[in-house]
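Understanding the architecture of this molecule
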Amino acid sequence: MTIQLVTSDAGVAGVVTGLQAADYIGVDCETTHLNPRQGRIRLLQLSTGPETYVLDLFNVSKPALGPLGEILAGDRPVKILHNAKFDAKMLRHHAGIGLGRLFDTYLASRILGAGDPERHHGLADVAFRYLNQQLDKSFQKTDWTGELTEGQLKYAAADAEILLPLRSRLVEEIKRERLIAASRVEFECVVPTAEMELTGIYFDAGRWESTVDDLEGARAILELDLTGELGLALGQLDLFGHPEINLNSPAQVVDAFHRLGIDVRSTRESELAPWAARSPVVARFLEFRGLQKLLSTYGRPLLERVDAETSRIFTDFHQIGTPTGRFSSSEPSVQQIPNLPEIRRCFCAPPGGKLVIADYSQIELRILADFSQDPRMLEAFHAGVDLHRSTASQMFRVPIEQVTRDQRSAAKQINFGLMYGMGAGALASRIDVPLPEAERLLATYFQVYQRVAEWLRSAADTALHTGHIRTKLGRVYRFRVDHQNREQVAMIQRLGKNAPIQGTSADILKRAMRLVHDALVGIDARIVNCVHDEIVVESSGADAERTAEVLRQGMVTAGQEIIETVPIEVEVKISEDWQK
DNA sequence: GGCACCGGCCAC
DNA sequence: AAACGTGGCCGGTGCC
């Protein structure tokens with residue numbers, strides 16, 4: 001292979017010529033920082049295999065990259081990258097370049113890894129696993145701002161060059177494991193995810209600050225009160241002779257409760273809740289803990305995440321964040337923001353804009369209906385009736401309009417719980433009935449939905465006996481089964497039921513992300529968040545209605561592509577802020 | 001001081 | 001006691 005170093009605008013034409021005939025090109029960036037807003041691209045490496053071009057972007061101007069941008073944005077040649085989200089963000093932010101058709105060796109490796117937590121997926125790990133080749137990553141964290149060394153250039157070129165043979169090997173594996181459809185959806189979701197991260201979520205810090213002040217005031221009063229009462233019970237005094245206790249220490253709090261005759265084993269809410277009715281101190285403690293959770297996790301930490309210039313929060317989305325295929329998000333996680341109006345309303349559109357919020361209606365139960373082909377469940381969804389009400393009506397043999405609130409609630413608990421592999425014991429405690437009653441309810445449920453019962457059984461069996469499950473798209477989750485370990489066997493049986501459903505839901509959301517992203521071209525709108533069955537788009541006020549229609553259409557289409565026998569419903573709302 | 005673990009709890 | 005799946009994050013605790 002040869003390396004061609006390009007250090008001026010004049011050199012770009014030669015690169016374009018060299019790349020045009022290629023079917024595949026390896027693409028990689030070296031940057032001065034991992035965060036696109038804090039660092040720049042130093043090197044852009046492009047490899048056809050025999051030829052590797054290394055462009056020094058400190059010395060090549062953005063306009064000169066135009067023709068190269070067209071190659072990168074197109075469908076051919078296919079771009080091969082390792083963790084393309086990173087390069088996509090850098091190229092979009094600093095060079096205004098979008099990525100077209102791509103193959104991501106990182107995501108491919110994760111898909112093939114099928115959730116194995118032992119496997120690592122850095123480029124060197126993947127190159128070693130699939131090509132048996134040692135890759136030197138010691139230059140990765142060197143200083144990319146100054147005069148570049150021969151070693152740095154060779155390292156940079158090698159990273160791009162290896163992507164071509166790596167793709168070939170990974171494609172063989174993907175075909176062998178029948179993971180083509182899942183890979184395609186993942187690859188096509190990279191650019192929407194990258195752009196969502198770059199956009200960030202607008203946040204009203206002023207509003208949140210005043211809410212935090214109020215909550216802190218309320219917490220301070222409770223803290224004073226509880227420290228007095230519980231600290232006194234403990235008999236602990238500080239230097240000034242005042243009662244002392246750490247309310248954040250479950251051990252100390254349990255101890256204090258014991259001394260007050262409150263016989264609890266832990267301080268978790270479900271344990272304390274029954275006492276709260278009789279004991280004001282327990283009630284106040286629970287109130288304190290609620291505020292403490294809110295403030296410690298979301299209060300100041302959220303404010304510190306707000307970018308001062310843009311008033312936006314930039315989070316990391318992990319496209320394959322879980323073995324089932326779901327996204328996860330971190331620093332901060334925007335998938336676990338409490339569903340409280342005073343918090344959610346701070347995630348809003350910038351002045352003059354709108355948030356368009358769309359979520360799938362009961363997508364996991366629809367997936368269960370599709371997998372099981374249960375005639376009664378299918379019929380309920382086709383008729384468009386309230387599924388939980390319909391379930392209750394059939395279980396309790398009452399007309400649908402006579403279903404009581406408790407009956408519907410019990411049916412709902414079962415509908416949801418069974419997808420997680422819930423047993424009679426868990427059901428009994430959730431709906432507060434004796435165990436035999438819960439067992440009877442489950443038996444009745446399975447008489448109504450016989451095919452659901454069969455599917456759940458066979459899903460658990462498949463997991464246990466084949467050691468893997470697949471989603472509708474064919475994504476695989478593999479587990480090691482130790483048949484001697486009873487707890488683990490039970491766990492795998494529950495996973496066998498849940499993972500295909502949860503994973504299929506993730507498949508659908510990712511497909512939707514791509515369809516929506518593409519359909520929003522030309523509309524003043526961009527995706528700002530996604531939460532498992534929900535996509536949030538920020539738009540201008542003028543384009544909100546169009547955005548809503550595009551969003552609904554994209555999500556429905558994605559759902560219909562992947563589950564064909566159950567209607568898909570998407571609820572869409574236009575709002576100033578992130579409220580349901 | 002950093003790391004791992006735990007109890008606890010937020011989202012879907 | 002734990003109890004139905006997937007994550008991330010907090011403060012406390014104990015270890016090196």
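Residues numbered from 1 in each chain as written. Chains lettered and ligands numbered in written order. Predicted model: local features only at pLDDT ≥ 70, side-chain atom pairs only at ≥ 80, totals over all residues. Heavy atoms only, no water.

1. Concerning helix H18 (residues 424-431)
Working note: α-helix, 3.6 residues per turn, so residues spaced by three or four point in the same direction. Our working definition: Partly exposed describes any residue whose relative accessible area lies between the buried limit of under 20% and the exposed limit of over 50%, with all areas from a 1.4 Å probe on protein chains only and scaled to the type maximum. Only DSSP runs of H or I reaching four residues or more are called helices, and only runs of E reaching two or more are called strands; each is numbered from the N terminus. Arc, as used here, means the arc of the directions from the helix axis to the C-beta atoms. In what follows, a contact means two residues having at least one pair of non-hydrogen atoms within 4.5 Å.
By the burial criterion, the buried members of H18 are Ala424, Leu427, Ala428 and Ile431. Projected onto a plane normal to the axis of H18, the buried residues spread over an arc of 105 degrees and lie on a single side. Within H18, the exposed residues directed more than 90 degrees away from the buried face are Ser429 and Arg430. Where H18 is buried, its residues touch helix H17 (405-419) and helix H19 (435-448). Phi turns positive one or two residues past the end of H18, at Asp432, with a value near 60 degrees.

2. Side note on the layout of surface pockets
Formally: The pocket and cavity definitions rest on a 1 Å grid over protein atoms only: a 1.4 Å probe that fits but cannot leave marks a cavity, an open set with protein on both sides within 12 Å along at least five of seven lines marks a pocket, and residues lining either have an atom within 4 Å of a point. Grid points are joined across faces, edges and corners, and a volume is the space filled by probe spheres set on the points. Throughout this entry, Asp, Glu, Lys and Arg are counted as charged residues, while Ala, Val, Leu, Ile, Met, Phe, Trp, Tyr, Cys and Pro are counted as nonpolar. The remaining residues, Gly among them, count as polar.
Approximately 510 Å³ is the volume found for the second largest pocket. Along its surface, the second largest pocket is lined by 20 residues, and Gln362, Ile363, Glu364, Phe416 and Asp533 are the ones closest to its centre. Going through the elements one at a time, strand S12 (353-360), helix H14 (363-372), H17 and helix H21 (486-519) are the ones with two or more residues in the lining of the second largest pocket. With 4 residues, the single largest contributor to the lining of the second largest pocket is H17. A breakdown of the residues in the lining of the second largest pocket according to their chemical character gives 6 nonpolar, 8 polar and 6 charged.

3. Structural notes on the nonpolar core
Worth spelling out the cut-off: Among the buried residues, those of types Ala, Val, Leu, Ile, Met, Phe, Trp, Tyr and Cys that are joined through side-chain atoms within 4.5 Å form a nonpolar core.
With 110 residues, the main nonpolar core has Phe257 and Ile535 as its most contacted residues. Filtering out sequence-adjacent residues up to four positions away, Phe257 remains in contact with Leu230, Ile262, Val264, Leu272, Val281, Val282 and Phe285. Counting residues in each nonpolar core, the second largest holds 57 residues, with Val15, Leu57, Ile320 and Val476 among its members.

4. Considering the protein's contact with DNA strand B
Rules: By convention in this text, a residue qualifies as near a molecule or strand provided that one of its non-hydrogen atoms is within 4 Å of it. Any pair of N or O atoms that falls within 3.5 Å is considered a polar contact. Within protein, one atom must be able to donate a hydrogen and the other to accept it, and sequence-neighbouring residues count only if both atoms are side-chain atoms.
In the vicinity of DNA strand B there are 18 residues, among which Thr267, Arg289, Arg326, Asn339 and Asp533 approach most closely. Backbone atoms, meaning sugar and phosphate, form 88% of the atoms of DNA strand B found within 4 Å of the protein. Note that a base oxygen of DNA strand B is positioned 3.1 Å from one of the side-chain N or O atoms of Gln336. The element that contributes the greatest number of residues to the surface near DNA strand B is helix H12 (residues 280-304), accounting for 3 residues. A per-class count over the surface near DNA strand B returns 4 nonpolar, 6 polar and 8 charged.

5. Considering the pairing of strand S4 (residues 51-56)
Cut-off, in case you're wondering: At least two bridges found by DSSP between two strands are what make those strands a pair.
Of all 6 residues that make up S4, 5 are buried, and the element is covered over most of its length. Pairing between strand S1 (residues 2-6) and S4: 5 bridges, direction parallel. Bridging across to S4, Leu5 finds its partner in Val54. Counting the residues between successive antiparallel strands, the hairpin from strand S3 (residues 41-47) to S4 contains 3 residues, one of them, Gly49, with a positive phi of roughly 110 degrees.

6. Looking at the pairing of S12
Most of S12 is tucked away: 7 of the 8 residues are buried. Where S12 lies against strand S16 (residues 534-540), 7 bridges are found, and the strand directions are antiparallel. Bridging from a neighbouring strand, Ala358 pairs with Ile535 of S16. Pairing between S12 and strand S17 (residues 570-575): 6 bridges, direction antiparallel. Residue pairing in the sheet places Tyr360 in a bridge with Val570 of S17.

7. Observations regarding the environment of Leu303
Within the element layout of this structure, Leu303 appears in helix H12. With a relative accessible area of 16%, Leu303 lands in the buried category. Separated by 91 residues in the primary sequence, Leu303 and Val212 have C-alpha atoms spaced 9.7 Å apart. Leave out the neighbours within four places in its chain, and Leu303 touches Phe203, Ala205, Trp208 and Glu209.

8. Examining helix H5 (residues 123-131)
Among all positions of H5, only Leu123, Val126, Ala127 and Tyr130 are buried. Along the axis of H5, the buried residues cluster in a sector spanning 100 degrees; they form a single face. Taken together, the buried residues of H5 touch helix H4 (105-113), helix H6 (150-161) and helix H7 (163-176). Where H5 terminates, the next one or two residues include Asn132, which has phi positive at roughly 55 degrees.

9. Considering the domain arrangement of chain A
In plain terms, the rule: Segmentation into domains, and thus their bounds, comes from an automatic or database assignment.
In terms of domain boundaries, chain A breaks down into domain 1 (2-177), domain 2 (205-306), domain 3 (324-363 + 507-575) and domain 4 (364-502). Placing a centre on the C-alpha atoms of domain 1 and another on those of domain 3 gives a separation of 30 Å.

10. Thoughts on unusual backbone geometry
Here the bond from Arg76 into Pro77 is cis, since omega is -5 degrees, no more than 30 degrees from zero. With respect to the helices and strands, Pro77 occurs in the loop between helix H2 (66-73) and strand S5 (78-81). A cis amide bond, omega -5 degrees, links Glu331 with the succeeding residue Pro332. Considering the arrangement of structural elements, one finds Pro332 in the loop between strand S11 (328-330) and helix H13 (341-344). Non-glycine residue Asn83 carries a positive phi angle of around 60 degrees. With respect to the helices, strands and loops of the structure, Asn83 is situated in the loop between S5 and helix H3 (84-95). By relative accessible area, Asn83 is classed as partly exposed at 28%.

11. Things to note about the side chain of Gln319
Considering the arrangement of structural elements, one finds Gln319 in the loop between strand S10 (316-318) and S11. At a separation of 2.6 Å, a polar atom in the side chain of Gln319 contacts the main-chain carbonyl oxygen of Glu186. With sequence-adjacent residues up to four places away left out, Gln319 is seen in contact with Leu107, Glu186, Cys189, Val190, Thr193, Gly325, Arg326, Phe327 and Lys510.

12. Some points on the sheet that holds strand S9 (residues 312-313)
Pairing in this open sheet of 3 strands is antiparallel, and the strands run S7-S9-S8 from one edge to the other. The strands lining the two open edges of the sheet, one partner per strand, are strand S7 (201-202) and strand S8 (306-307). Sheet topology places S7 next to S9; 2 bridges connect them, and they run antiparallel. In the strand pairing of S9, Ile201 is matched with Ile313.

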